[in-house]
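Observations on the model geometry
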Amino acid sequence: MKSYRKELTFNLPSRRGYVNITRKVQECIDESGIKEGFVLVNAMHITASVFVNDDEPGLHQDFEVWLEKLAPEKPHSQYRHNGFEDNADAHLKRQIMGREVVAAITNGKLDFGPWEQIFYGEFDGKRPKRVLVKIIGE
Ligand code: ZN
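**Let's talk about the sheet that holds strand E4 (residues 48–53)**
What the three strands build is an open sheet, ordered E2-E7-E4; its pairing is antiparallel. With one partner strand each, in any of the chains shown, strand E2 (17–20) and E4 form the two edges of the open sheet. Each neighbouring strand pair of the sheet contributes to a mean axis angle of 30°, computed without reference to strand direction. Strands in contact with helix H2 (residues 57–70) are E2, E4 and strand E7 (117–122); relative to E2, the strand with the most contacts, it is inclined by about 145°.

Below you can see the structure in the form of structure tokens.
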């Protein structure tokens with residue numbers, strides 16, 4: 001069995017945003033040389049997510065509106081976590097959107113349905129954050 005590990009770094013200019021990282025993950029698979037196996041992709045920070053969904057701008061706006069209803073950023077004073085920090089909403093948004101994605105690799109490619117794409121979701125940006133890519137297989 002072969003294994004491969006890489007960290008990707010993202011530094012979004014805004015507090016919240018989504019980045020399609022499917023191509024970067026496929027580049028890792030290509031680099032690993034693994035043809036059959038699994039890839040794990042996880043955010044290494046507790047205010048960011050990695051998830052699978054459709055690459056469609058309207059949907060990303062819908063996520064923003066939906067998450068702001070569930071865990072509005074402001075007022076910052078509504079959260080016990082805030083004080084030293086102001087990112088309680090980002091912790092909650094990450095919890096809903098998830099930490100990681102595990103995907104199958106078949107014949108050297110992500111074995112996805114027609115609309116599945118991997119996203120990095122940022123909820124407390126403007127600083128560098130890491131995503132771990134771990135691949136096992138042969
Ligand atoms: Zn915090």
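Still to come is the rest of the account.
**A look at the packing of aromatic side chains**
Applying the stated criterion across every chain, the model contains six aromatic pairs. Between phenylalanine 10 and tyrosine 120 the ring centres are 4.7 Å apart and the planes differ by 20°, which places this aromatic pair in the stacked class. In this pair, phenylalanine 10 is assigned in strand E1 (residues 2–10) and tyrosine 120 in strand E7, connecting sequence segments 110 residues apart. According to the relative accessible area criterion, tyrosine 120 is buried, its value standing at 0%.

**Brief notes about the pattern of salt bridges**
Side chains that carry opposite charge are capable of pairing whenever their charged atoms lie near each other. Within this structure, the stated rule accounts for 16 salt bridges. Across the pair glutamate 64 and arginine 16 runs a salt bridge whose closest N-O atoms are separated by 2.9 Å. Taken together, the positions of glutamate 64 in helix H2 and arginine 16 in the loop between E1 and E2 put the pair 48 residues apart, joining distant regions of the chain. Overall, the relative accessible area of 28% leaves glutamate 64 in the partly exposed class. Where aspartate 124 meets arginine 127, a salt bridge forms, and the shortest distance between an N and an O atom there is 2.9 Å. Assessed through its relative accessible area of 11%, aspartate 124 is described here as buried. On the basis of relative accessibility, which here comes to 33%, the residue arginine 127 falls in the partly exposed class. One salt-bridge network, in which partners are shared between bridges, spans Arg15, Arg16, Glu64, Glu68, Glu73, Asp86, Asp89, Lys93, Asp124 and Arg127.

Procedures and definitions
- Residues numbered from 1 in each chain as written.
- Predicted model: local features only at pLDDT ≥ 70, side-chain atom pairs only at ≥ 80, totals over all residues.
- Heavy atoms only, no water.
- Pairing = 2+ DSSP bridges.
- Helix = DSSP H or I, 4+ residues; strand = E, 2+ residues; numbered from the N terminus.
- Axes fitted to C-alpha atoms, helices over the stretch in contact; angles between N-to-C directions.
- Contact = heavy atoms within 4.5 Å.
- Phe/Tyr/Trp six-rings, centres within 6.5 Å; stacked < 30°, edge-to-face > 60°.
- Buried < 20%, exposed > 50% of the residue type's maximum accessible area, 1.4 Å probe, protein only.
- Salt bridge = Lys/Arg side-chain N within 4 Å of Asp/Glu carboxyl O.

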